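# A look at the structure
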Amino acid sequence: MMSSYSIGQMFLRRLAFAIRKWYTLHLVVSIPLLVLLLPFRKLVESFRWLTVRNHLEKGVKELRRVAHINGIKNAEETLTIEYVKSTIQKELDAVQIKPSIFQLFHAPKVIMTTCCFSFFRNADSACGFSNFGNWSCFCCRHWFCSPPN
């Protein structure tokens, strides 16, 4: 994730060096984003969002369309509003049980991932701050200080 951000920053710097006028650079960067955003107007909302917003008929219609795209036969007979309401009620009843945050740490993979991320983050910070422990040695080894006489 961080490398893609850095690559984007390098690309933007090179693009800014090539295109000197700021308004031209702004257009060159913005127009592709606008073109990529146009298809999102055609996307429909998710079934869950439509049912939460009380658009159940539209949600069932979109669910049938997706079932047809996925090749499920008899979706019109199976996916009725009554069936969807009963399924939603079952899911709402299951959501009423509030899990504790401590249940997250019962999973060994979550514990291992958290420990590894914590170790690497702290190791990175320790490497960065360890240079400041000995100021005389720090100043002698860097280019911005004059060498000792």
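It is worth spelling out the overall build of the protein at this point. In terms of regular secondary structure, the protein is built from eight helices and zero strands. Beginning at the N terminus, the succession of helices and strands in the protein can be written as α-α-α-α-α-α-α-α. Going through the 149 residues of the protein one by one, you find that 9% of them count as buried. For the protein, the share of sequence-separated contacts (at least 6 apart) that also reach a separation of at least 24 residues comes to 24%. Here the protein has roughly 13800 Å² of accessible surface; of this, 66% comes from carbon and sulfur atoms.

Considering all chains together, one arrives at one aromatic pair under this definition. Plain terms: the ring middles of Trp22 and Tyr23 are 5.8 Å apart, the flat faces sit at 80 degrees to each other, and that makes the pair edge-to-face. For Arg20, the ring lying beneath its charged end belongs to Phe17, and the centroid distance is 4.5 Å.

Turning our eyes to something else, we now look at helix H4 (residues 56-69). Compared with the 20 Å implied by 1.5 Å per residue over 14 residues, the 20 Å span of H4 between its first and last C-alpha is a close match. Residues of H4 that are buried include every one of Leu56, Gly59, Val60, Glu62 and Ala67, and no others. Projected down its long axis, H4 carries its buried residues within an arc of 165 degrees, all on one side. Opposite the packed face of H4, turned more than 90 degrees from it, sit the exposed residues Glu57, Lys61, His68 and Ile69. Gly71 sits one or two residues past H4 and shows a positive phi near 85 degrees.

In this structure, Asn54 is a non-glycine residue whose phi angle is positive, near 65 degrees. Tracing the backbone shows Asn54 in the loop between helix H3 (47-52) and H4. Judged by relative accessible area, which is 64%, Asn54 ranks as exposed. Residues other than glycine seldom take positive phi values, yet Asn74 does so here, at roughly 60 degrees. For Asn74, a relative accessible area of 51% translates into the label exposed.

Here we take up the confidence of the model for the protein. Taken as a whole, the protein shows an average pLDDT of 77; of its residues, 80% reach a score of 70 or greater. Within the protein, the element-level pLDDT minimum falls on helix H8 (residues 135-140), averaging 50, and the maximum on helix H2 (residues 22-37), averaging 89.

Cut-offs used in this document
- Residues numbered from 1 in each chain as written.
- Predicted model: local features only at pLDDT ≥ 70, side-chain atom pairs only at ≥ 80, totals over all residues.
- Heavy atoms only, no water.
- Helix = DSSP H or I, 4+ residues; strand = E, 2+ residues; numbered from the N terminus.
- Buried < 20%, exposed > 50% of the residue type's maximum accessible area, 1.4 Å probe, protein only.
- Contact = heavy atoms within 4.5 Å.
- Areas by Shrake-Rupley, 256 points an atom, 1.4 Å probe, with all protein chains shown as cover.
- Phe/Tyr/Trp six-rings, centres within 6.5 Å; stacked < 30°, edge-to-face > 60°.
- Lys NZ or Arg CZ within 6 Å of the ring centre and 35° of its normal.
- Expected span 1.5 Å × (residues − 1).
- Arc of directions from axis to C-beta.
- pLDDT = per-residue confidence, 0-100.

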